[in-house]
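# What the coordinates show
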Amino acid sequence: MASKEPKHYRVVGLPGDYIGAEVYAAAVRALEVLTQGRDFRIDLDEQLIGGAAVDATGEPLPQATLDACEGADAALLGAVGGPDWDDRPAEQRPELGLLKIRAGLGLFCNLRPVVLHPALQRFSPLKPDRLVNVDVMIVRELTGGSYFGNKWRNANEAEDVCRYTRFEIERVTRAACDIAMKRDRRLTLIDKANVLETSRLWREVVRAVVDAEFPELDLEFLYVDAAAMHLLSRPGDFDVMLTENMFGDIISDEASMLCGSLGLLPSASLNERRFGLYEPIHGSAPDIAGKGIANPYAMLLSAAMMLRHSLGEDEAADALETAVHGCWEDGILSRDLDPDGPGTDEITDEVCKRLG
Ligand code: NAD
């Protein structure tokens, strides 16, 4: 009998700048090992973004990169930016490439999982008794609110309009509910409904979506100022946190510190057709670039998120996460956590060994 043809997924590879390219290479290696013996393949289409794109084309997000993403299942990004481009005009700043790709592809739903593995508890700034079962998924609306509303200023006044439509709230709520249904079925909406009209609309819409489409979910509302405190006093109590753009920006950075290092945390930004841009939350770390010591774990976990959320390859995603956790349990920690730890390539070897 003829063997079944493997499925092919198209993934746009965006190495970016400085350690972006180093950690990206680690993810590519792990994905190669992972797909061997499984019934799918990843066809990588490498494109330019950030400073590398400015050098080659004069702009941080060439049209060819956007076009490649339009036809792809997902994009995997290292990180962009660095001192080489600090004196460039605004339209040639590498970080503009990120803003443009998010806007150009309608990436409205940002996911930031914050999971504190027991083997890494000692790196958290919080006391161990506060750190039991920390496994939070923060779902942040990424293309609306005050960051995108009308803006103006004169010498003495300025205004940033915070506007949300029912449609924008509904689509990100459904994404958050879908995720919560596969987890512990608890959703917390973070808002400021005692003060803001937009927050009152969020409460009404989220309540309606949950009641009508996800009645099994346990929904709670929390003011953002209280949420900021509870994230430090009882982080283990949260499952999925849903919030608007600016609150999500702040709350997700606060939550990331629970883990103690930027080099551990992945992220995803999704659009309506499940295309996602997957990237570590850290930047291009020019201070350590070229030394072979960048922590690749956040990038590897971003690749696992890609397998789960855009490619629907949950078993492979679990395998990659299990390999990373196995390394942590065996004390294989990068230099940002352990001054005598192995370098990027050695860590990637260890992860690949556990996948083989
Ligand atoms: P950064 O995240 O690059 O680095 C902050 C600190 O964390 C540095 O000391 C760095 O060495 C360390 N660090 C970060 N990632 C690490 C890793 N994987 N392994 C080990 N150590 C790691 O932030 P920054 O220094 O403020 O910014 C550097 C450049 O990155 C800037 O140009 C900035 O605009 C850009 N940036 C890009 C992104 C992105 O591409 N998404 C995000 C943030 C910053």
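First things first, this report covers the structure right here in the doc. In this text the structure is predicted, and so the values were computed from the model without any measurement. Per chain, the residues get numbers from 1 upward, laid out in the order the sequence is written. Given that the model is predicted, a residue must reach a pLDDT of at least 70 before its local features are reported, and side-chain atom pairs must reach 80 or more before they are shown or counted; all residues, however, enter totals for whole chains, interfaces and linings. Side-chain metrics rest on all non-hydrogen atoms present in the structure, leaving aside hydrogens and water.

With that settled, the discussion passes to unusual backbone geometry. Excluding glycine, a negative phi dihedral is what most residues carry, and trans is how most peptide bonds are arranged. The backbone phi angle of arginine 185 is positive, close to 60 degrees, even though this residue is not glycine. Here arginine 185 shows up in the loop between helix 5 (166–181) and strand 8 (186–191). Of note in the backbone geometry, alanine 285 takes a positive phi value of approximately 40 degrees without being a glycine. Under the relative-accessibility criterion, alanine 285 is labelled partly exposed at 21%. Strands are runs of DSSP state E lasting at least two residues, helices are runs of H or I lasting at least four, and both sets are numbered from the N terminus onward. The classification of residues rests on relative accessible area computed with a 1.4 Å probe and restricted to protein chains. Under 20% of the type maximum is buried, over 50% is exposed, and intermediate values are partly exposed.

The next subject is the pairing of strand 1 (residues 7–16). For strand 1, the buried fraction is high: seven of the 10 residues fall into the buried class. By the convention used here, strands pair only if DSSP detects at least 2 bridges between them. Across seven bridges, the pairing between strand 1 and strand 2 (residues 40–46) is parallel. Across the sheet, the residue bridging to histidine 8 is arginine 41, located in strand 2. Summarising the sheet, strand 1 and strand 3 (residues 74–79) pair through five bridges and their orientation is parallel. Across the sheet, the residue bridging to leucine 14 is leucine 77, located in strand 3.

This brings us to the packing of aromatic side chains. Side-chain rings of Phe, Tyr and Trp, where Trp is taken by its six-membered ring, are said to pair if the distance between their centres is within 6.5 Å; with planes under 30 degrees apart they count as stacked, over 60 as edge-to-face, and otherwise as tilted. Tallied over the full model, the rule gives four aromatic pairs. Each ring, one from tyrosine 18 and one from tryptophan 85, has its centre 6.1 Å from the other, and the planes form 75 degrees; the classification is edge-to-face. With tyrosine 18 in the loop between strand 1 and helix 1 (19–35) and tryptophan 85 in the loop between strand 3 and helix 4 (94–104), the pair connects residues that are 67 residues apart, well separated along the chain. Given the relative accessible area of 25%, tyrosine 18 is considered partly exposed. An angle of 85 degrees between the planes, with centres 5.2 Å apart, marks the rings of tyrosine 164 and tryptophan 202 as edge-to-face. Placement of the pair is tyrosine 164 in the loop between strand 7 (158–160) and helix 5 and tryptophan 202 in helix 6 (residues 197–213), with a sequence separation of 38 residues. On the basis of relative accessibility, which here comes to 7%, the residue tyrosine 164 falls in the buried class. Residue class for tryptophan 202 comes out buried when judged on its relative accessible area of 2%. In this structure, arginine 171 is placed above the aromatic ring of phenylalanine 108, and the distance from its NZ or CZ to the ring centre is 4.2 Å. A ring is considered to have a charge above it if a Lys NZ or an Arg CZ atom is located within 6 Å of its centre and within 35 degrees of its normal. Here the guanidinium or amino end of lysine 192 rests over the ring plane of tyrosine 223, the centre of that ring lying 6.0 Å away.

Close contacts around the ligand come from 20 residues, with Glu95, Gly283, Ala285, Asp287 and Asn295 the closest. The contact in question runs from an oxygen atom of the ligand to an N or O atom on the backbone of serine 284, over 3.0 Å. By the criterion applied in these results, polar contacts are pairs of N or O atoms within 3.5 Å in which, for protein atoms, one can donate a hydrogen and the other can accept it, and in which residues neighboring in sequence qualify only through two side-chain atoms. The separation between an oxygen atom of the ligand and a polar main-chain atom of alanine 285 is 2.8 Å. When isolated, the ligand has an accessible area of 810 Å², and the protein chains bury 68% of it. The residue classification treats Ala, Val, Leu, Ile, Met, Phe, Trp, Tyr, Cys and Pro as nonpolar and Asp, Glu, Lys and Arg as charged. All others, Gly included, are polar. When grouped by side-chain class, the residues that make up the shell around the ligand number nine nonpolar, seven polar and four charged. Note on definitions. A residue lies near a molecule or strand when any single heavy atom of the residue is within 4 Å of it. Computed with a 1.4 Å probe, the accessible areas rest on the Shrake-Rupley method; for each residue, only the protein chains presented here act as cover.

This next bit is on the packing of helix 7 (residues 224–233) against helix 8 (residues 245–256). For the pair helix 7 and helix 8, interaxial distance at closest approach is 10 Å and the crossing angle is 10 degrees. If you check the angle between helix 7 and helix 8, you find them roughly parallel. For the pair helix 7 and helix 8, contact is made by Val224, Ala227, Ala228, Leu231 and Leu232 and by Phe247, Ile251, Glu254 and Ala255, respectively. Grouping the constituent residues of the contact of helix 7 with helix 8 by class yields eight nonpolar, no polar and one charged. Lines fitted to C-alpha atoms define the axes here, with helix axes fitted over just the stretch in contact, and angles between the N-to-C directions of these axes take values from 0 to 180 degrees. We call two directions roughly parallel when the angle between them is under 35 degrees, roughly antiparallel when it is over 145, roughly perpendicular when it lies between 65 and 115, and oblique otherwise. Only heavy atoms matter for contacts: two residues are in contact if any of them lie within 4.5 Å across the pair.

Our next topic: the sheet that holds strand 11 (residues 266–270). Ordered by their spatial adjacency, 10 strands build an open sheet running 2-1-3-12-11-4-5-10-8-9, and the pairing between neighbours is mixed. Of all the strands in the sheet, just strand 2 and strand 9 (218–223) have a single pairing partner and so form its edges. Direction aside, the axes of adjacent strands within the sheet are offset by 25 degrees on average. Packed onto the sheet, helix 3 (residues 63–70) meets strand 1, strand 2 and strand 3 and runs at close to 155 degrees relative to strand 1.

Here we come to the pattern of salt bridges. Only one rule defines a salt bridge in this text: a Lys or Arg side-chain nitrogen within 4 Å of an Asp or Glu carboxyl oxygen. All chains considered together, the criterion is met by 25 salt bridges. Note that aspartate 318 and arginine 308 form a salt bridge whose closest N and O atoms lie 2.6 Å from each other. In this pair, aspartate 318 is assigned in helix 10 (residues 314–329) and arginine 308 in helix 9 (residues 297–309), connecting sequence segments 10 residues apart. The exposure class assigned to arginine 308 is partly exposed, which follows from its relative accessible area of 21%. One salt-bridge network, in which partners are shared between bridges, spans Asp330, Glu350, Lys353 and Arg354.

All right, on to the nonpolar core then. Residues grouped as a nonpolar core are buried Ala, Val, Leu, Ile, Met, Phe, Trp, Tyr and Cys residues, joined through side-chain atoms within 4.5 Å. Core analysis: the biggest nonpolar cluster contains 90 residues, and Tyr297 and Leu307 have the highest contact counts within it. Per-element accounting of this core gives the leading share, nine residues, to helix 9. Residues contacting tyrosine 297, with those up to four places away along its chain left out, are Gly263, Leu264, Val324, Cys327, Trp328, Ile332, Ile347 and Val351. In this structure, Ala68, Ile101, Phe275 and Leu277 belong to the second largest nonpolar core, which totals 17 residues.

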